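Understanding the architecture of this molecule
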Amino acid sequence: MTRRTLLVAVLLLVTWSVPTLSSAQNLLSNPDFASFWDWVGSGSWVPEDCCGDPQSGSATYINQFPGPYGVYIARQCVELMVPGEYYELSGLFHIPSGQSGSGWGQLGVSWYSSASCVAGDYIDGADAPIVTATGLWQETTTVIRAPLTAVSAYVYTYNHKSSSGGVFQVSTDHLFFAVTDKIFTDGFETGDTTRWSTTVP
């Protein structure tokens, strides 16, 4: 066997022995809102898409309650792949400028100890950083660890109107929820340092 043949054989062996990395599987159905199918909530489908896709859209809710009030835009129950693992949760929000009301958009998850997100089996919940910026699509993201007893999870988007009077609209799109090998997010790109500390617990 020549030196060149030996080198090729070694390279092939290395190639075969290294596992192929695949992108994380999004557990949400219809995460880009081609319609409102697979989602429940008070929101409705609109053709405005975060990324300009003419075949897709987003979910929106116009909050007209007279006082401060929060409403689910869209929610979806998913079965967990691995209880106790870390999950990445992210999504995009759009808050139009110049509204008569004010508030924020929110993305979160609620954990349940039974399949199908039975209300009586709620364990705990967690949220990504709220979105308050207006005029542009803004991303929010976080990494959360599922409780060891969690079997299912409700992923939800939320329109929270904080003002008395006025109208407040929030749209959401491009949602993502999957097992991840990350253990934290936010490399200070959000401009918010509240999730960081100078001390070790």
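As a reminder, the structure under discussion sits directly above these lines.
Here's what I pulled together on the structure shown here. (Residues numbered from 1 in each chain as written. Predicted model: local features only at pLDDT ≥ 70, side-chain atom pairs only at ≥ 80, totals over all residues. Heavy atoms only, no water.)

What to know about the environment of D32
Note that D32 resides in the loop between helix 1 (3–17) and strand 1 (44–46). Take D32: its relative accessible area is 34%, and that puts it in the partly exposed class. Separated by 140 residues in the primary sequence, D32 and T172 place their C-alpha atoms 9.1 Å from one another. Not counting the four nearest positions on each side in its chain, D32 is found in contact with D49, S56, G57, D173 and H174. (Helix = DSSP H or I, 4+ residues; strand = E, 2+ residues; numbered from the N terminus. Buried < 20%, exposed > 50% of the residue type's maximum accessible area, 1.4 Å probe, protein only. Contact = heavy atoms within 4.5 Å.)

A few points about the environment of Y112
Secondary-structure assignment places Y112 in strand 5 (residues 103–112). The class for Y112 is buried, based on a relative accessible area of 10%. Excluding its chain neighbours within four sequence positions, the residues that come into contact with Y112 are C117, V118, A119, D121, Y122, I123, T149, A150, V151, S152, A153 and Y154.

Brief notes about the sheet that holds strand 9 (residues 168–179)
By definition, the strands of a sheet pair up through backbone hydrogen bonds, in either a parallel or an antiparallel sense. Sheet architecture is open: five strands sit in the order 1-2-9-4-7, paired in antiparallel fashion. Bordering the open sheet on either side are strand 1 and strand 7 (137–145), each of which pairs with just one other strand. In this sheet, neighbouring strand axes are inclined to one another by 35° on average, regardless of whether the strands run parallel or antiparallel. Bridge analysis of strand 4 (residues 86–94) against strand 9 gives seven bridges, and the strand direction is antiparallel. Its bridge partner lying in strand 9, S90 is registered against F176. (Pairing = 2+ DSSP bridges. Axes fitted to C-alpha atoms, helices over the stretch in contact; angles between N-to-C directions.)

Focus on the sheet that holds strand 5
Taken together, four strands build an open sheet; the order of strands is 3-8-5-6 and the sheet is antiparallel. Of all the strands in the sheet, just strand 3 (69–79) and strand 6 (122–127) have a single pairing partner and so form its edges. Each adjacent strand pair in this sheet contributes to an overall mean axis angle of 25°, direction not counted. In this structure, strand 5 lies alongside strand 6, joined through five bridges in antiparallel fashion. Looking at strand 6, one finds that W111 is bridged to D124.

What about the side chain of T172?
Along the polypeptide, T172 turns up in strand 9. The class of T172 is buried, set by a relative accessible area of 0%. A polar contact of 3.2 Å, which involves the side chain of T172, links it to the backbone oxygen of L92. Residues in contact with T172, not counting those within four places in the same chain, are F33, S58, A59, I73, L92, F93, W137 and T157. (Polar contact = N/O pair within 3.5 Å; in protein donor to acceptor, adjacent residues only side chain to side chain.)

Any functional reading would require information beyond the geometric quantities listed.
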